[in-house]
Amino acid sequence: MRARGLSFTRAIWRLYDAKAGMETQFKDGLSDLGLHYPPCRQHVRNQDFYAVGALAWTLGVAVDVLGGAGEERGSMDRKDGTPRRRPTPRRMRLWRLRRELLTLPGRVARHAHELKVQLLGLADSTQKLFAHFWST
């Protein structure tokens, strides 16, 4: 940057602006998965933390892309037919995906090399959403 004739303050501002722009692209993962605050100050010790965070973010985005494409995305209509003030989001945020699909009450049992999952006390809309995303 100095070779291009930028002053020190202008170069610092450009670096800071570029960092902010990159962080905006990753804001969902940083805020929804708590990746803003690593467990340790040393980068070497935080590698596993960020590797698991990157895997969780990638899986969350993949679930949203594969199972979330529907005509209700971006719609201005409510289920009861009245109009919305704002359209529904075009994609599902990771915190909502985690809250609605991954933190469900249930029982998991293994018997004869078969894993059975029984979801307990769910509303019909949540059961349909779960089946839409996770059924084969």
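Residues numbered from 1 in each chain as written. Predicted model: local features only at pLDDT ≥ 70, side-chain atom pairs only at ≥ 80, totals over all residues. Heavy atoms only, no water.

A. Local environment of the overall build of the protein chain. Helices and strands together make up the secondary structure of the protein chain, namely five helices and two strands. Along the protein chain, helices (α) and strands (β) appear in the sequence α-α-α-α-β-β-α when read from the amino end. For the protein chain, the proportion of its 136 residues judged to be buried stands at 17%. In the form shown here, the protein chain has an accessible surface area of approximately 11,400 Å², with 57% of it arising from carbon and sulfur atoms. (Helix = DSSP H or I, 4+ residues; strand = E, 2+ residues; numbered from the N terminus. Buried < 20%, exposed > 50% of the residue type's maximum accessible area, 1.4 Å probe, protein only. Areas by Shrake-Rupley, 256 points an atom, 1.4 Å probe, with all protein chains shown as cover.)

B. Quick look at unusual backbone geometry. Although it is not a glycine, A112 sits at a positive phi angle of roughly 55°. With respect to the helices and strands, the residue A112 is situated in the loop between strand 1 (106–111) and strand 2 (114–119). Of the residues examined, A112 reaches a relative accessible area of 63% and is grouped as exposed. If you check the backbone angles, H113 has positive phi at about 60° while not being a glycine.

C. Layout of a nonpolar patch on the surface. Taken together, F8, I12 and L15 make up a surface patch of nonpolar side chains, about 320 Å² in accessible area. Tracing the chain through its elements places I12 in helix 1 (residues 8–25). For I12, a relative accessible area of 42% translates into the label partly exposed. (Patch = residues over 30% accessible without salt bridge, like charges linked within 9 Å, V, L, I, M, F, W, Y side chains within 5 Å. Salt bridge = Lys/Arg side-chain N within 4 Å of Asp/Glu carboxyl O.)

D. Representation of the pairing of strand 1 in the model. Within strand 1, only zero of the six residues are buried, which leaves the element largely exposed. Direction of pairing for strand 1 relative to strand 2: antiparallel, over a ladder of six bridges. Within strand 2, the position partnered with R110 by the bridge is L115. The hairpin turn running from strand 1 into strand 2, its antiparallel successor, is two residues long, and A112 in that turn takes a positive phi close to 55°. (Pairing = 2+ DSSP bridges.)

E. Layout of the side chain of N46. Along the polypeptide, N46 turns up in helix 3 (residues 43–67). Excluding residues that lie within four positions of it along the chain, N46 makes contacts with P38, P39, C40 and R41. (Contact = heavy atoms within 4.5 Å.)

F. Expanded view of the packing of aromatic side chains. Taken as a whole, this structure holds two aromatic pairs when the rule is applied. Between W13 and Y16 the ring centres are 6.1 Å apart and the planes differ by 40°, which places this aromatic pair in the tilted class. In this pair, W13 and Y16 both sit in helix 1, three residues apart, roughly one turn of the helix. Just as W13 is exposed, Y16 falls in that class too. Ring centres 5.2 Å apart and planes at 70° place the aromatic pair F49 and Y50 in the edge-to-face group. (Phe/Tyr/Trp six-rings, centres within 6.5 Å; stacked < 30°, edge-to-face > 60°.)

G. Examining the environment of R78 more closely. You can see R78 is positioned in the loop between helix 3 and helix 4 (94–102). When its relative accessible area of 39% is taken as the criterion, R78 is described as partly exposed. Those residues in contact with R78, other than ones at most four positions away along the chain, are P83 and R84.

H. The arrangement of the environment of C40 in detail. Assignment of secondary structure puts C40 in the loop between helix 2 (27–32) and helix 3. With a relative accessible area of 25%, C40 lands in the partly exposed category. Dropping the residues within four chain positions of it, C40 is found in contact with R45 and N46.

All quantities given are derived from atomic positions and should not be read as evidence of function.
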